[in-house]
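Residues per chain, in single letters:
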Amino acid sequence: MSETAKLKIGDNSYEFPLIEGSENELAIDIKTLRGVSNGVITIDPGYKNTGACKSAITFLNGEKGVLRYRGYSIEDLAEKANFLEVAYLLIFGELPTKDQLVKFHADIKDKAIVDDDVRKILDAFPKTAHPMGILSSLTSALTAFNPSSVNVDSDEEMYQAIVKIMGKLPVLVSWAMRKINGLPLNYGSNSLGYVENVMSMMFSKPNEEYTINPIVRDALNKLLILHADHEQNCSTSTVRIVGSSHAGLFASLSAGISALWGPLHGGANQAVLEMLEAIKEDGGDTKKYMAKAKDKNDPFRLMGFGHRVYKNFDPRAKIIKVAADQVLNDLGIDDPILDVAKSLEQEALNDPYFVDRKLYPNVDFYSGIIYRAMGIPVEMFTVMFALGRLPGWIAQWREMRLGKEPIGRPRQIYTGETLREFKAVQKR
Ligand code: ACO
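Calculation criteria
- Residues numbered from 1 in each chain as written.
- Predicted model: local features only at pLDDT ≥ 70, side-chain atom pairs only at ≥ 80, totals over all residues.
- Heavy atoms only, no water.
- Helix = DSSP H or I, 4+ residues; strand = E, 2+ residues; numbered from the N terminus.
- Rg over C-alpha atoms; globule rule 2.2 N^0.38 Å.
- Buried < 20%, exposed > 50% of the residue type's maximum accessible area, 1.4 Å probe, protein only.
- Contact = heavy atoms within 4.5 Å.
- Lys, Arg positive; Asp, Glu negative; His and termini not counted.
- Charge placed at Lys NZ, Arg CZ, Asp CG, Glu CD.
- Salt bridge = Lys/Arg side-chain N within 4 Å of Asp/Glu carboxyl O.
- Patch = residues over 30% accessible without salt bridge, like charges linked within 9 Å, V, L, I, M, F, W, Y side chains within 5 Å.
- Areas by Shrake-Rupley, 256 points an atom, 1.4 Å probe, with all protein chains shown as cover.
- Near = heavy atom within 4 Å.
- Polar contact = N/O pair within 3.5 Å; in protein donor to acceptor, adjacent residues only side chain to side chain.
- Nonpolar A, V, L, I, M, F, W, Y, C, P; charged D, E, K, R; others polar.
- Core = buried A, V, L, I, M, F, W, Y, C linked by side-chain atoms within 4.5 Å.
- Pairing = 2+ DSSP bridges.
- Axes fitted to C-alpha atoms, helices over the stretch in contact; angles between N-to-C directions.

Undergrad: Lay out the overall build of the protein chain with the relevant residues and their values.
TA: Helix and strand counts for the protein chain come out as 18 helices and 6 strands. Its C-alpha atoms give the protein chain a radius of gyration of 23 Å, within 12% of the compact-globule value 22 Å for 428 residues. In terms of overall dimensions, the protein chain has a C-alpha envelope of 80 × 65 × 55 Å along the principal axes. In the protein chain, buried positions account for 48% of the 428 residues. Counting only contacts in the protein chain whose residues sit at least 6 apart along the sequence, the fraction spanning at least 24 positions is 71%. When the 51 positive and 54 negative side-chain charges of the protein chain are each reduced to one mean point, those points stand 5 Å apart.

In structure tokens, the structure reads:
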């Protein structure tokens with residue numbers, strides 16, 4: 001693309017190159033703007049029109065409802081792949097060969113022990129602590145136990161930091177859940193697959209042998225894959241920007257976990273289930289809640305609806321909706337909140353307020369129903385999202401570090417007081 005973008009400010013004109021992505025997306029490269037224009041910057045709250053980086057990891061087209069990891073469609077991966085090979089694909093760019101996958105898994109298993117002193121930190125949290133707070137704190141604490149993961153200047157150091165956190169984060173996730181359920185902490189088993197081991201660590205009881213339910217395993221595998229990356233969302237951008245100061249991988253991930261916690265982001269999956277539960281308790285009158293969601297004087301929003309980028313069906317939501325039906329059928333669970341969810345969806349899809357604003361169900365709308373059917377407590381839903389998003393965050397952090405991106409440091413337009421004279425407190 002040889003065209004340029006022209007900008008006129010007063011009597012001055014400037015030209016900027018256009019950058020074209022592999023899917024023909026266009027961007028105006030304004031890197032030189034401030035320098036050539038004597039300090040003019042662009043402003044874009046919420047970064048709705050601002051690209052923060054070039055990335056070869058995930059492609060999404062929100063208008064068409066397309067999501068691909070490294071060129072592979074999310075539908076294909078959710079149907080055919082396992083989570084560990086998707087993690088490898090995201091982080092290293094290609095699907096692993098059999099040998100590469102075996103080695104990757106062996107390296108992860110080798111590093112999966114979490115220092116026993118981390119248990120003492122976990123013990124100090126109250127039982128009522130939200131597990132996202134626990135996960136973020138313990139992920140950050142891991143830095144102290146693994147100082148070599150901070151300065152990762154060689155490929156080997158980077159690889160070691162990656163396999164360590166791929167091994168240790170599932171342990172922290174399961175410990176956070178076991179604390180809620182009052183179960184003794186464990187380490188699962190190195191003889192199991194990655195997802196199977198996550199299940200064993202989360203669900204096994206000290207007094208009975210744990211058998212993997214293949215339906216639950218397949219559903220969990222699918223959910224983790226669907227959550228594994230979503231390009232420059234709030235938590236991923238957080239990981240990249242924290243990592244851009246060359247803070248360590250674990251500290252960057254801890255910041256990403258905190259960003260994910262918010263109800264406008266990953267925290268929505270907990271909020272959706274609580275909303276569906278509240279509607280059911282209130283008699284199941286979905287029309288009443290639709291009216292609340294549309295009322296601009298009412299802070300209520302239909303959780304699990306709308307997305308910054310998707311202005312069409314979230315392709316992940318389509319897959320999860322089918323999976324929710326399958327899991328509930330297979331497990332023989334009749335969950336009335338699935339009916340509440342389905343009627344809310346139908347009403348929203350036919351309501352001009354939602355249609356005009358292109359508000360469709362997002363990834364979080366049905367995921368909580370599956371998590372609940374699996375026996376995962378509602379506070380753990382966003383933690384499960386974090387576990388799925390781990391490879392995406394790692395891939396984005398690695399790409400940022402290998403690309404030698406500069407430290408993230410936005411500008412601002414100052415709107416405060418101009419210079420004022422200080423008055424001593426007695427004179428104020
Ligand atoms: N319920 C009711 N109205 C909504 C909703 C909703 N869930 N979402 C957006 N709207 C309305 C807004 O009020 C606004 O209306 P207006 O134009 O009349 O003022 C319009 O739709 C546009 O909404 P914005 O908030 O400007 O859109 P934005 O892109 O900033 O926000 C977001 C996207 C945060 C996801 C929003 O849709 C939302 O709050 N949804 C509910 C929370 C949720 O499900 N989050 C999970 C997102 S997926 C993820 O992070 C994994």
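Having seen the structure, we can now continue with the description.
Undergrad: Describe in detail the pattern of salt bridges, supporting the description with residues and values.
TA: Taken as a whole and assessed by the stated rule, the structure comprises 23 salt bridges. A salt bridge links K31 to D29, with the nearest nitrogen and oxygen atoms 3.1 Å apart. For D117, the salt bridge is made with K120, and the minimal N-O distance between the two is 2.7 Å. On the criterion of helical spacing, the pair formed by D117 and K120 is a turn pair, its members being 3 residues apart in helix α5 (residues 116-124). Classification of D117 as partly exposed rests on a relative accessible area of 35%. The network of salt bridges with shared partners includes E277, K280, E281, D335 and R372.

Undergrad: Quick one: what's the story with a nonpolar patch on the surface, residue by residue and with numbers?
TA: A surface patch of nonpolar side chains, about 180 Å² in accessible area, is lined by L7, I9 and V40. With respect to the element layout, L7 can be found in strand β1 (residues 4-9).

Undergrad: Could you give an account of the site of the ligand, with specific residues and numbers?
TA: Near the ligand there are 22 residues, and of these R301, L302, G304, R308 and Y353 occur at the shortest range. Measuring from an oxygen atom of the ligand, one finds a side-chain N or O atom of R301 at 2.7 Å. At 2.9 Å, a side-chain N or O of Y353 approaches a nitrogen atom of the ligand. The protein chains hide 77% of the 930 Å² of surface that the ligand would expose on its own. Here the shell around the ligand is built from residues that sort into 11 nonpolar, 5 polar and 6 charged.

Undergrad: Tell me about the nonpolar core, and name the residues and values.
TA: As a rule of thumb, nonpolar side chains are buried together in soluble globular proteins. If you look at the biggest cluster of nonpolar residues, it comprises 117 residues, and the most contacted ones within it are Y69, M166, L302, M374 and I376. If you tally residues by element for this core, the top one is helix α7 (residues 155-181), at 15 residues. Excluding residues within four positions of it along the chain, L302 makes contact with M275, M290, A293, L344, A348 and F354.

Undergrad: Any chance you could break down the sheet that holds β1 for me, citing the residues and the numbers?
TA: Taking strand neighbours across the sheet as the criterion, the 3 strands line up as β1-β2-β3 in an open arrangement whose pairing is antiparallel. The sheet terminates laterally at β1 and β3 (26-28), the two strands that pair on one side only. With direction set aside, neighbouring strand axes in the sheet form an average angle of 30°. The pairing of β1 with strand β2 (residues 12-20) spans 6 bridges and is classified as antiparallel. What sits directly across from L7, in β2, is Y14.

Undergrad: Could you give an account of helix α17 (residues 364-374), with specific residues and numbers?
TA: For α17, the buried fraction is high: 10 of the 11 residues fall into the buried class. D364, F365, Y366, S367, G368, I369, I370, Y371, A373 and M374 are the residues of α17 that are buried. Elements that come into contact with the buried residues of α17 comprise α8 (194-203), α9 (214-226), α12 (268-281), α14 (315-331), α15 (336-349) and α18 (381-402). Looking one or two residues past α17, G375 carries a phi angle of roughly 90°, positive in sign.

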